[in-house]
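Examination of the molecular architecture
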Amino acid sequence: MALPSGGFLRNNRAVFSAATPFLKNARLGLAAGLGVAVILQSCSGFIDPYTTQVILFAAINVILAVSLNLVMGETGQFSLCHAAFMAVGAYSSALLTGKALPALFPHLSWTGTSLASQLTFLPVLVIGGAMAALVGLIVGGPSLRLRGDYLAMVTLGFGEIIRVLLQNANVVGGARGMEGILPATNLFWAIGSAVLTLYTMIALVRSTYGRGFQAVRDDEIAAAAMGIDTTRVKVTAFVIGAFFAGVAGGLYAHAVEFISPEGFNFLRSFEIIVMVILGGLGRPVGVAIAAILITLLNEWLRDLSEYRMVVYALIIILFMIFRPTESILPFLRRIAPWGKKPPSA
Amino acid sequence: MTTQENALLEARNCSLRFGGIAALTDVSLRIAPGELVGLIGPNGAGKTSLFNILTGVYRPTEGEILFEGRSVAGIPPHRINRLGMARTFQNIRLFDSLNVRMNVRTSFIARLRHGLLETIQRGHSFRSEEEEIREEGKRLLAYFGLQEVEAYSSRSLPYGDQRRLEIVRALATKPLLLLLDEPAAGMNPTEKEELKRLIAQIRSEFGTAILLVEHDMKVVMGICERLVVLDRGCLLATGTPAEVRADPKVIAAYLGTSAENQEAA
């Protein structure tokens, strides 16, 4: 019986060998990723601020896209409020570092690079994620009984509710937004979180437990007949997705130092959806690559910012016409001159 | 034949109405542990409706359903399965993006002992349980002759094998009662023979009680111990295949003259 070896970068759908080879490869990937994060951070002095910011955005987008992939790609639930979860994480972590922590420990120095802010940044991010997860639970519990279009409507509405609430909350600056957030996010935190997110998502899906998400996506009725509590599976995916979106929000807030409700509107959610679709639903690695590509595209298209969405739409349309079922991975492999041509081509 | 004490599943005076339309009227049914019961009836007789109230898809408008003496009417399908009733579907419902092995493995999800965090960190209990599940899935596939295709996508299997896989997947949830919804639909004669063998195999090896909804008279008459005949939502007759075949009401409602033809064949 020739099982394909569980390569970390393989298509995760078809390949599932024993837990041990996965463990070895995944831990290797995890260690390598964290190593890259540490190395990049230690030579951050040599990287110019613009490039640094692009890398930070890319890492944050990877977290957002890979976490949305769990909800949309693996579990098949169309969610239009990922940016709202990001907002919850961004605002709650910014409140922590900007107000709560300095008030609790006034004798410590609170700047972006100070020891105090760096040491507390991990719990801050986790709390931001937990807040988003909590909101995800509150929204997901009742709304995930709905399917398809109806769920999309509810999540769209919820995203708007969060944005309007933030716009009218004076404690977080209302429509003016919050400024002067500590620039605590650095290459280590951003890349490290992105790598951890990717690892978590792949580890989660490549297990008997994780097949439940895909079973629900493929056929909810059959999944229920197998004893799977489909609502619970969907809420779980939603809450985990929201948690990582919240972490991404925290990283984002502490990278750009300024957040406003408008930054987390429907278009932001849509941008994340584009990454997931472009990367291939249910393919975390493809989604991560798409997130990086879209980030770079964003930078290239900066001059024609109003037409950015037009270009996005065009890319999606062209992609759907020419590669309706594939992910970006085989596509890249095929257009790359050194790449292996898949047998179907 | 079956007494009060040893009924595994019992439906008492169940009715199901959708607005003014009565899908089922006052239907009672009982299945003893390990028994193989066939449920037949012409199109629109309410076979699938009865199936659906037994498996929790619908709640009966009236009546009671007892499984192992416990009332289960209106309990959601996933809890019905956890109580020990597994089903297959008239139109095959496999998980298309999962391969054969994974399809069977989904049956173990509801009974996992390790949690989410354990899965993510690949802890000890995760690895040992995952190994257990792998072995058991392999054993089941080997027992039912599907081990050679275990890495294939479920979509790529021939029709008969897809049916078989669906039955194996249901069986992997370790049910006391297996409900098969028209398993012979669309099968050719060879596949039907295989299906009969498969059902006999399940009973001898696992001792599972089976409720079989079927159109195909040959399959039903050949293997069932007892038949329940529905017509227009009402219980028409119950009894052994021979009794049912001789029942003039059944012949009038369902078998018609083709009963003799089938006997002759």
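Residues numbered from 1 in each chain as written. Chains lettered and ligands numbered in written order. Predicted model: local features only at pLDDT ≥ 70, side-chain atom pairs only at ≥ 80, totals over all residues.

1. Some points on the overall build of chain B
Helix and strand counts for chain B stand at 11 helices and 10 strands. Taken over C-alpha atoms, the radius of gyration comes to 19 Å for chain B, in line with the 18 Å a tight globule of 265 residues would show. In terms of principal-axis extent, the alpha carbons of chain B reach across some 65 × 40 × 35 Å. Counting the 265 residues in chain B, one finds 43% classified as buried. Long-range contacts, defined as pairs at least 24 residues apart, comprise 65% of the intrachain contacts of chain B with a sequence gap of at least 6. (Helix = DSSP H or I, 4+ residues; strand = E, 2+ residues; numbered from the N terminus. Rg over C-alpha atoms; globule rule 2.2 N^0.38 Å. Buried ≥ 20, exposed ≤ 12 C-beta atoms within 10 Å, placed from the backbone. Contact = placed C-beta atoms within 7 Å.)

2. Description of the overall build of chain A
Secondary structure assignment for chain A yields 13 helices and 2 strands. Relative to its 345 residues, chain A shows a buried fraction of 50%. Restricting the contact set of chain A to residue pairs at least 6 apart, pairs at least 24 apart contribute 79%.

3. Some points on the packing of helix α10 (residues 266–279) of chain A against helix α11 (residues 284–300) of chain A
All names here are of chain A. It is the contact of α10 with α11, at a shortest axis distance of 7 Å, that shows an interaxial angle of 130°. In this view, α10 runs oblique relative to α11, as classed from their interaxial angle. Here α10 runs over α11; the crossing is right-handed. Facing Val274, Met275, Val276, Leu278 and Gly279 of α10, the residues of α11 in contact are Gly286, Val287, Ala288, Ile289, Ala290, Ala291 and Ile294. Among the residues forming the contact of α10 with α11, the class breakdown is 10 nonpolar, 2 polar and no charged. (Axes fitted to C-alpha atoms, helices over the stretch in contact; angles between N-to-C directions. Parallel < 35°, antiparallel > 145°, perpendicular 65-115°, else oblique. Left-handed = near helix turned anticlockwise from the far one by under 90°. Nonpolar A, V, L, I, M, F, W, Y, C, P; charged D, E, K, R; others polar.)

4. Here we look at the nonpolar core
All names here are of chain A. One finds Val62 and Ala65 to be the most contacted residues of the largest nonpolar core, which totals 174 residues. Sort the elements by how many residues they give to this core and helix α9 (residues 230–256) lands first, with 16 residues. In contact with Val62, other than residues within four places in its own chain, are Ala194, Leu198, Ala288, Ala291 and Ile292. (Core = buried A, V, L, I, M, F, W, Y, C linked by C-beta atoms within 7 Å.)

5. Observations concerning unusual backbone geometry
In the Ramachandran plot, Glu257(A) falls in the positive-phi region, its phi being about 65° despite a non-glycine side chain. The exposure class assigned to Glu257(A) is partly exposed, which follows from the 16 C-beta atoms found within 10 Å. One non-glycine residue with positive phi stands out, namely Arg232(B), at about 50°. Tracing the chain through its elements places Arg232(B) in the loop between β9 (226–231) and β10 (234–239). Given 15 C-beta atoms within 10 Å, Arg232(B) falls into the partly exposed group.

6. Some remarks on the sheet that holds β10(B)
Through backbone hydrogen bonds, the strands of a sheet pair up, either in parallel or in antiparallel fashion. Residue and element names in this part refer to chain B. Taken together, 6 strands build an open sheet; the order of strands is β6-β7-β8-β3-β9-β10 and the sheet is mixed. Each end of this open sheet is capped by a strand with a single partner; those strands are β6 (85–87) and β10. Strand-to-strand, the axes of this sheet are offset by a mean angle of 20°, without reference to chain direction. (Pairing = 2+ DSSP bridges.)

7. Observations concerning the environment of Glu194(B)
For Glu194(B), the position within the fold is in helix α7 (residues 189–206). Along the backbone, Glu194(B) and Arg164(B) are 30 residues apart, and their C-alpha atoms lie at a distance of 9.3 Å.

8. Here we look at the interface of chain A and chain B
Each partner contributes residues to the interface: chain A has 27 residues there, and chain B has 31 residues. Of all elements in the fold, only α1 (19–42), α6 (187–205), α7 (208–218) and α8 (220–225) of chain A reach the threshold of two or more residues within the side of chain A that touches chain B. For the side of chain A that touches chain B, the residue count by class is 14 nonpolar, 8 polar and 5 charged.

9. Notes on the confidence of the model for chain A
In low-pLDDT regions, the fine details of the predicted coordinates are not to be read closely. Residue and element names in this part refer to chain A. A residue-level look at chain A finds 86% of positions with pLDDT of 70 or above and a mean pLDDT of 84. Per-residue pLDDT stays below 50 along residues 1–19; that stretch engages in 32 contacts with residues further than four places along the chain or on separate chains. In the predicted structure, residues 341–345 sits below a pLDDT of 50 and forms 4 contacts with residues beyond four places in sequence or in another chain. (pLDDT = per-residue confidence, 0-100.)

10. Some words on the confidence of the model for chain B
Per-chain confidence: chain B averages 85 in pLDDT, with 94% of residues scoring 70 or above. Reported for the predicted complex are a pTM of 0.86 and an ipTM of 0.86.

11. Some details on the sheet that holds strand β2 (residues 21–31) of chain B
All names here are of chain B. In spatial order, the strands read β2-β1-β4-β5; together these 4 strands make up an open sheet with antiparallel pairing. Strand pairing shows two members of the sheet lacking a second neighbour, β2 and β5 (70–71), which therefore form its edges. The sheet contact formed by strand β1 (residues 9–18) and β2 spans 7 bridges and is antiparallel. Residue pairing in the sheet places Phe18 in a bridge with Ile21 of β2.

12. Overview of the environment of Glu271(A)
Residues and elements named next belong to chain A. With respect to the helices and strands, Glu271 occurs in helix α10. According to the C-beta neighbour criterion, Glu271 is buried, with 21 such atoms within 10 Å. With 209 residues separating them along the chain, Glu271 and Val62 place their C-alpha atoms 12 Å apart.

13. Comments concerning the environment of Ile199(B)
Residue and element names in this part refer to chain B. Mapped onto the fold, Ile199 is located in helix α7. Of the residues examined, Ile199 has 23 C-beta atoms within 10 Å and is grouped as buried. For the pair Ile199 and Leu36, spaced 163 residues apart in the sequence, the C-alpha separation amounts to 9.2 Å. Residues in contact with Ile199, not counting those within four places in the same chain, are Ile210 and Ile223.

14. Some thoughts on the pairing of β9(B)
Residues and elements named next belong to chain B. Across 4 bridges, the pairing between strand β3 (residues 36–40) and β9 is parallel. Pairing of Leu39 across the sheet is with Val228, part of β9. Two elements, β9 and β10, share 5 bridges in a ladder whose sense is antiparallel. Looking at β10, one finds that Asp231 is bridged to Cys234.

15. Section: the pairing of β1(B)
Residues and elements named next belong to chain B. Linking β1 back to β2 in an antiparallel pair, the connection comprises 2 residues, with Gly19 at a positive phi of about 60°. Bridge analysis of β1 against strand β4 (residues 62–67) gives 5 bridges, and the strand direction is antiparallel. Bridge pairing in β4 places Arg12 opposite Glu64.

16. Describing α11(A)
Taking 1.5 Å per residue, 17 residues should reach 24 Å; α11(A) reaches 24 Å between its end C-alpha atoms and fits that length. When we look at burial in α11(A), the residues that qualify are Pro284(A), Val285(A), Gly286(A), Val287(A), Ala288(A), Ile289(A), Ala290(A), Ala291(A), Ile292(A), Ile294(A) and Thr295(A). (Expected span 1.5 Å × (residues − 1).)

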